[in-house]
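The chain contents come next:
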Amino acid sequence: MRRWLVIISLCCAEAWADDWRLNAACPPGFVSDSGVCRFRSLYSGYPSLQDAGMGGLKVGLPTPRDGFTAQQIDLGRLLFFDPLLSGDGSVSCASCHQPDKGFTDGLALSKGIHGQIAERSAPSLWNVGFLQTLFWDARASSLEQQLLGPLYAEHEMGNTPEQLLASLRGNPIYTDLFKQAFGEKGLTLDTIYTALAAFESSLISLNSRYDLYAHGFHEVLSEPEIEGMNIFRSFVARCAECHTPPLFTNQQLAVLGTPEPPGRPLDIGAEGPTGDRSLRGGFKVPTLRNIELTAPYMHSGRFKTLRETVEFYTKGRGHAVPEGEHLSIHWHIWEPKLTDTELDRLVDFLKTLTDQSFMPVIPERVPSGLSVAGALNHSEIVESTSVAMGDSP
């Protein structure tokens, strides 16, 4: 399979070598400043509580990850959608982070190469450039550190640093594109990671109907949606204490006592990387941005709908903890006893957080010649290569 990938990469590169030029324009939400792209938003003008981006409607954001060039971001976009980054050319980053699903994959547990099942669901990538920790268990402190996980995990993308570098260096298009983006540094593992981090940092979702309301355009929300927002922010439901605007996450770990799918043992969560027994079953508070698009929910995809998810929180503190487990349930979790109508209004409000207006352009082709969609078997790889080169399938 690896020999096939090299052949595909070389032959398609020869066919397309003169076609590729990286975009020199910054993506939406960014402006060019001294040759790099800087984040700009109405939220940039609001004060931020301890630089955490927490509080009321007009509260600022944490410091964003920006300062990449437009070419580095665009190169990262191509890499993100290219299955050449996986060990067998069958999956790309976009296989688990699909744009039309809020940059998740719609699965309870994601699938990697050879159909292997991951341990947790794929979290959304919208606004990841603002996050201080990554993964459900918060074990990574940067995007560069985070992406090493899926790239080299045997059950996810199944690659190795050596093969990744050889595959990309064996493609003349990528060799040239890395020169366009990084100059003399060229194509190295570090510049691969930087390009991917640059693209992921450009995924901004801050223009939902909720955001328009927060900026003063109150007519954009209906009465039921406003009622849901008030429930969300109330001291009864207490949703906003963990899912704090404008990111709709406080970026902290929380032990909720979420039930696992039938037949699966308790996921110890953050206890794993930290060794802290009090964090057993603890996970990062996820963003609620585009939550309408990212079902199923929780770290294991336990709940299929938003209605199921919000109902979990009103059933009582620790009600789903397995027998014999003693978890340190987060102090915000209690028993608000919300009515069915109040739960429905919460769901109405959560849907106002949907915004993909800054969706990046999905490439019609990638430098390897493999399918942009990924998830191809061996015969499909060969077939897609023939089509890309202009031959009959």
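Quick caveat: nothing in here was measured; it's all calculated off a predicted structure.

Focus on the overall build of the protein chain
- For the protein chain, the count of helices and strands is 13 helices and 4 strands.
- The buried share among the 393 residues of the protein chain stands at 54%.
- Long-range pairs, those at least 24 residues apart, make up 68% of the contacts in the protein chain between residues at least 6 apart in sequence.
- When the accessible surface of the protein chain is split by element, carbon and sulfur atoms take 53% of a total near 17,300 Å².

Examining the state of the cysteines
- The tally for this structure, following the rule as stated, stands at 1 disulfide.
- There is a disulfide in this structure between cysteine 26 and cysteine 37, and the S-S distance comes to 2.1 Å. With the S-S bond torsion at -90°, the cross-link from cysteine 26 to cysteine 37 turns out left-handed. Of this pair, cysteine 26 sits in the loop between helix 1 (2-16) and strand 1 (30-33) while cysteine 37 sits in strand 2 (residues 36-39), and the two are 11 residues apart along the sequence.
- By relative accessible area, which is 1% here, cysteine 37 ends up buried.

Structural notes on the nonpolar core
- The biggest cluster of nonpolar side chains holds 44 residues, and the ones touching the most others in it are Leu75, Leu79, Phe80, Leu85, Leu168, Tyr174 and Ile192.
- Mapped onto this core, the elements with two or more residues apiece are helix 2 (70-80), helix 3 (93-96), helix 4 (143-152), helix 5 (161-169), helix 6 (172-182) and helix 7 (189-201).
- Leaving out residues up to four positions away in the same chain, leucine 85 has contacts with Leu79, Cys93, Leu151, Met157, Asn159, Leu164, Leu168 and Leu196.

Brief notes about the layout of surface pockets
- Roughly 270 Å³ of internal volume is contained in the second largest pocket.
- Lining the second largest pocket we find 15 residues, and of these Asn23, Pro27, Asp74, Arg77 and Val361 sit closest to its centre.
- Top contributing element to the lining of the second largest pocket by residue count: helix 2, with 4 residues.
- Residue composition of the lining of the second largest pocket, by class: 11 nonpolar, 2 polar and 2 charged.

Quick look at empty space enclosed by the protein
- Taken as a whole, this structure holds 2 cavities of 30 Å³ or more when the rule is applied.
- Each pocket or cavity is described by its volume, and for the largest cavity that value is around 50 Å³.
- Every residue lining the largest cavity is listed: Gly257, Thr258, Glu260, Leu266, Asp267, Gly281, Phe283, His299, Ala320, Val321, Pro322 and Leu327.

As for the packing of helix 2 against helix 7
- Look at helix 2 against helix 7: their axes get within 7 Å of each other, and the N-to-C directions meet at 95°. With respect to each other, helix 2 and helix 7 are oriented roughly perpendicular. Judged by residue contacts, Gln72, Ile73, Leu75, Gly76, Arg77, Leu79 and Phe80 of helix 2 engage Ile192, Ala195, Leu196, Ala198, Phe199 and Glu200 from helix 7.
- Class assignment for the residues of the contact of helix 2 with helix 7 results in 9 nonpolar, 2 polar and 2 charged.

A short note on the packing of aromatic side chains
- Evaluation of the coordinates by the stated rule reveals 18 aromatic pairs.
- Seen in terms of ring centroids, tyrosine 43 and tyrosine 46 are 5.8 Å apart; in terms of plane orientation they differ by 90°. Their pairing is edge-to-face. No difference in accessibility class separates tyrosine 43 from tyrosine 46, as the two residues are buried.
- Aromatic rings pair up to connect Phe80, Phe81, Phe103, Trp126 and Phe199 into one cluster.
- Directly above the ring of phenylalanine 135 sits arginine 139, whose terminal nitrogen or CZ lies 3.7 Å from the centroid.

Parameters and conventions
Position numbers for residues count from 1 along each chain, tracking the sequence in the order it is written. For this predicted model, a pLDDT threshold of at least 70 governs which residues receive local features, and a threshold of 80 or more governs which side-chain atom pairs are given and counted, while totals over whole chains, interfaces and linings are taken from all residues. Based on all heavy atoms of the structure, the side-chain values leave hydrogens and waters out of the count. A helix here means a DSSP run of H or I that spans at least four residues, while a strand means a run of E at least two residues long, and both kinds are numbered starting from the N terminus. Only protein chains enter the accessibility calculation, which uses a 1.4 Å probe. A residue is then buried if its area is under 20% of the maximum for its type, exposed if over 50%, and partly exposed in between. Any two residues having at least one pair of non-hydrogen atoms within 4.5 Å are treated as being in contact. Surface accessibility follows the Shrake-Rupley procedure with a 1.4 Å probe radius. Residue values consider only the protein chains on display as shielding. The disulfide criterion is simple: two cysteine sulfur atoms within 2.5 Å. Residues grouped as a nonpolar core are buried Ala, Val, Leu, Ile, Met, Phe, Trp, Tyr and Cys residues, joined through side-chain atoms within 4.5 Å. Buriedness for pockets is judged along seven lines, at least five of which must meet protein on both sides within 12 Å for an open set on the 1 Å grid over protein atoms alone, while cavities are sets there where a 1.4 Å probe fits but cannot get out, and lining residues have an atom within 4 Å of a point. Grid points are joined across faces, edges and corners, and a volume is the space filled by probe spheres set on the points. Each residue receives one of three labels: charged for Asp, Glu, Lys and Arg, nonpolar for Ala, Val, Leu, Ile, Met, Phe, Trp, Tyr, Cys and Pro, and polar for the others, Gly being one of them. Geometry is summarised by axes, namely lines fitted to C-alpha atoms with helices restricted to the contacting stretch, and by angles between N-to-C directions that run from 0 to 180 degrees. Oblique is the label for any angle not covered by the other classes, which are roughly parallel (under 35 degrees), roughly antiparallel (over 145) and roughly perpendicular (65 to 115). Centre distance within 6.5 Å is the pairing criterion for rings of Phe, Tyr and Trp, where only the six-membered ring of Trp is used; planes under 30 degrees apart are then read as stacked, over 60 as edge-to-face, and the remainder as tilted. A ring is scored as having a charge over it whenever the NZ atom of a lysine or the CZ atom of an arginine sits within 6 Å of its centre and within 35 degrees of its normal.

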